[in-house]
Amino acid sequence: MTIAEMLNQSIILTLLGMCVVFSFLIILIVCMNVLRVFVHATKLDKEEPKTENSNGVSSTTDQNAIVAAIATALYEKKIRG
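So, how was this worked out
- Residues numbered from 1 in each chain as written.
- Predicted model: local features only at pLDDT ≥ 70, side-chain atom pairs only at ≥ 80, totals over all residues.
- Heavy atoms only, no water.
- Helix = DSSP H or I, 4+ residues; strand = E, 2+ residues; numbered from the N terminus.
- Buried < 20%, exposed > 50% of the residue type's maximum accessible area, 1.4 Å probe, protein only.
- Areas by Shrake-Rupley, 256 points an atom, 1.4 Å probe, with all protein chains shown as cover.

Asks: I'd like a description of the overall build of the protein, backed by residues and values.
Replies: What the protein contains, in helices and strands, is two helices and zero strands. Counting all 81 residues of the protein, 2% fall into the buried class. Put simply, the protein shows about 7700 Å² of open surface, and 70% of that area lies on carbon and sulfur atoms.

If you want it as structure tokens, here you go:
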């Protein structure tokens, strides 16, 4: 096999690989757009209104985040003295 034949084969293989990747990206974009339309049609993209507790915190997830932040701050203070 000569160098010219090997270069020709490598160019063909490179183009074939690029076409495979490009076609996969097109398929991925089409699937994402179909999913976007489906989610919008079923109204799954609407957020539920947040309800505030009497202390002004919006939910238990936010309360858990506050507790975690306080615990981390206390732990850091204990380590650093």
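Next, the rest of the story.
Asks: Any details on unusual backbone geometry? Residues and values, ideally.
Replies: One non-glycine residue, K43, lies in the positive phi region at around 60°. Take K43: it is sitting in the loop between α1 (3–41) and α2 (60–80). Classification of K43 as exposed rests on a relative accessible area of 59%.

Everything listed is a geometric property; what it means functionally is a separate question.
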